[in-house]
Amino acid sequence: MIFGPPGSGKGTQAARLEDELHIHHLSTGDILRKEVARGTPLGQEVGRIMSAGDLVPDDLIVDVVRTRLPEAEKGAGALLDGFPRTVAQARALDSMLRDEGHNVDFIIALDVPEKLLVDRLLHRAELEGRTDDTREVIAERMREYHKLTEAVLDHYRQQGRRILHVDGTGSPDEVFDRVHAALKKGVPAKSRRSPRFRGV
Ligand code: ADP
């Protein structure tokens, strides 16, 4: 699982981890954006919510993950990016994984100061033109993050899970080196011998 506020570089690091660990990158944001672009019923339902910077309803996103996770986990496993984003989603994930006899191997949390997050998102707006990368919508996404998403880390801490905090400032290469080091230190050697940690 890769965790962090909007603009922290989750997607960028997840893509690299996918290449390196051969785990399937499952990004709920990417999935939803594709649904919006294709104009599917789901896309029509969530398009406006996403453009406003709000979270889509838990039951809806949990269904999306429930249908895709088993396929994504085949092989070396799945890397969740953008999910879970509320405690209710984390609980739903706990029960999905329990049913399958699977678990969360690691949680990486990217730490980036808020001022830098906003600068990065505004810069991305110039390059990619994502509808939710305007100053106003970014502010709403940050509010949602503090109000609902931060508590997800507490949920896992309460379960006694170790969160691998990584400094997310600097270039993607620098951050990736730190992610790599954190995995090496934070994931037990026994787990790292499994195929999914080939290369770490
Ligand atoms: P970012 O982390 O930069 O905000 P994402 O691509 O992860 O970008 O998510 C974009 C938007 O998609 C969110 O603002 C939200 O509207 C919606 N979304 C993605 N994942 C979830 C989720 N797990 N729960 C609710 N909404 C989500």
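Read on for an overview of the structure. Just so it is clear, the structure is predicted and the values come from calculations on it, not from any experiment. (Residues numbered from 1 in each chain as written. Predicted model: local features only at pLDDT ≥ 70, side-chain atom pairs only at ≥ 80, totals over all residues. Heavy atoms only, no water.)

**Overview of unusual backbone geometry**
Among all residues except glycine, the phi angle is most often negative; among peptide bonds, the trans geometry is most common. Filter applied, for reference: Counting from the N terminus, the helices are the DSSP runs of H or I reaching at least four residues and the strands are the DSSP runs of E reaching at least two.
Omega for the bond connecting Phe83 with Pro84 falls within 30 degrees of zero, at -5°, which places this linkage in the cis form. Of note, Pro84 is situated in the loop between strand E3 (78-81) and helix H5 (87-100). Residues other than glycine seldom take positive phi values, yet His22 does so here, at roughly 60°. Its location among the elements puts His22 in the loop between helix H1 (10-21) and strand E2 (24-27).

**Thoughts on the packing of H5 against helix H7 (residues 135-158)**
Selection rule: Only the stretch in contact is used when a helix axis is fitted, and all axes are lines through C-alpha atoms; the angle between N-to-C directions ranges over 0 to 180 degrees. Oblique is the label for any angle not under 35 degrees, not over 145, and not in the 65 to 115 range, which are roughly parallel, roughly antiparallel and roughly perpendicular in turn. By the convention used here, residues are in contact when the closest approach between their heavy atoms is within 4.5 Å.
Look at H5 against H7: their axes get within 8 Å of each other, and the N-to-C directions meet at 40°. Comparing the axis directions of H5 and H7 gives the class oblique. Judged by residue contacts, Val87, Ala90, Arg91, Leu93 and Asp94 of H5 engage Leu148, Ala151, Val152, His155 and Tyr156 from H7.

**With respect to the packing of helix H4 (residues 58-73) against H5**
Threshold: Should the near helix be turned anticlockwise from the far one by less than a right angle, the crossing is termed left-handed; should it be turned clockwise, right-handed. Classification convention: Asp, Glu, Lys, Arg as charged; Ala, Val, Leu, Ile, Met, Phe, Trp, Tyr, Cys, Pro as nonpolar; all other residues, Gly among them, as polar.
Two elements in contact, H4 and H5, have axes whose closest approach is 10 Å; the angle formed by their N-to-C orientations is 30°. On the basis of the axis angle, H4 is roughly parallel to H5. Handedness of the H4/H5 crossing: right-handed. Where H4 abuts H5, its residues Asp58, Ile61, Val62, Val65, Arg66, Leu69, Pro70 and Glu73 lie against Ala88, Gln89, Ala92, Leu93, Met96, Leu97 and Glu100. The class makeup of the residues in the contact of H4 with H5 is 10 nonpolar, 1 polar and 4 charged.

**A word on the site of the ligand**
Put simply, the rule is: Here, proximity means that at least one heavy atom of the residue falls within 4 Å of the molecule or strand. Here a polar contact means two N or O atoms within 3.5 Å. Within protein one must be a hydrogen donor candidate and the other an acceptor candidate, and residues neighboring in sequence count only if both atoms are side-chain atoms. Computed with a 1.4 Å probe, the accessible areas rest on the Shrake-Rupley method; for each residue, only the protein chains presented here act as cover. Both site types are read off a 1 Å grid over the protein atoms alone. A 1.4 Å probe that fits but cannot get out defines a cavity, while an open set with protein on both sides within 12 Å along at least five of seven lines defines a pocket; lining residues have an atom within 4 Å of a point. Assignment of a molecule to a cavity or pocket requires that more than half of its atoms lie within 2 Å of the corresponding grid points.
Residues in close proximity to the ligand total 20 residues, the closest being Lys10, Thr28, Asp54, Gly82 and Arg141. Contact distances for the ligand include 2.8 Å between an oxygen atom and a side-chain N or O atom of Lys10. At 3.1 Å, a backbone N or O of Val56 approaches a nitrogen atom of the ligand. Calculation on the ligand without its partners gives an accessible area of 540 Å², and the protein chains cover 96% of this total. Structurally, the ligand is housed in the largest pocket. Among the elements that line the shell around the ligand, the one with the most residues is helix H2 (residues 28-38), at 4 residues. For the shell around the ligand, the class distribution of residues is 7 nonpolar, 5 polar and 8 charged.

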